[in-house]
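Here is what each chain is made of, one letter per residue.
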Amino acid sequence: MKKVFDFFILIFCIFICISLIRFFSDNSSKNDYTFIDNSVLPSQEALERLSGGLKIKTVSNPEYLKTDFKEFDKFIAYIQKNYPLVFKKCDFNLINKYGIVLKLKGDKNEGLPNILTAHYDVVDVKNKKEWKYPPFSGYFDEEYIYSRGTIDDKSSVFGILEALNILLEENFKPKND
């Protein structure tokens, strides 16, 4: 049970850290205070995986046929390559070619299943000049990550994958799917 709790704490901490980074990135309100406890920040490897995923331009278009699905294919291949244990231990399915479903089978399945959700498509950039760094650079300046999808919502995808990967490295098996 502790591992399940740790799993949710990790996801929550990653979400909070990224939210705080985004919130305090407004240069007009910069100050010298330290608001982030470095002990809860993700590892350098996790930041690199997130940064790499943010570079993939998974821009959804209201006009479906104008969406560049090669970028979505690239993203799926990227997470499969960077999280091999997750894809080895979980059943992997695609819904309508791009909806990723990973199912980790439980031991008993006596109760309701667990579900964690996030999306990896992003909205196109309207004004690239407003960005400090290119919007699909995944640039990490040792303080902030600059890229489209950092907050909504690729960070959640990577938070879930990182937490699941850590749990699977510890041979975690959930009670229910």
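Residues numbered from 1 in each chain as written. Predicted model: local features only at pLDDT ≥ 70, side-chain atom pairs only at ≥ 80, totals over all residues. Heavy atoms only, no water.

Inspection of the entire model under this criterion finds five salt bridges. Note that E162 and R49 form a salt bridge whose closest N and O atoms lie 2.6 Å from each other. Taken together, the positions of E162 in helix α5 (residues 154-169) and R49 in helix α2 (residues 44-54) put the pair 113 residues apart, joining distant regions of the chain. R49 carries the same exposure label as E162, and that label is buried. (Salt bridge = Lys/Arg side-chain N within 4 Å of Asp/Glu carboxyl O. Helix = DSSP H or I, 4+ residues; strand = E, 2+ residues; numbered from the N terminus. Buried < 20%, exposed > 50% of the residue type's maximum accessible area, 1.4 Å probe, protein only.)

Here we come to the environment of L50. Its place among the elements puts L50 in helix α2. Here the alpha-carbon distance between L50 and S155, two residues 105 residues apart in the chain, equals 6.9 Å.

Moving on: unusual backbone geometry. Negative phi characterises most residues that are not glycine, and trans characterises most peptide bonds. In this model, D152 is joined to D153 through a cis peptide bond whose omega is 5°. Within the secondary structure layout, D153 lies in the loop between β4 (145-146) and α5. One non-glycine residue, K97, adopts positive backbone phi at about 75°. Tracing the backbone through its elements, the reader meets K97 in the loop between β1 (91-95) and β2 (99-103). We classify K97 as exposed; its relative accessible area is 61%. Positive phi is not limited to glycine here, since N171 has a value of about 60°. Assignment of secondary structure puts N171 in the segment after α5.

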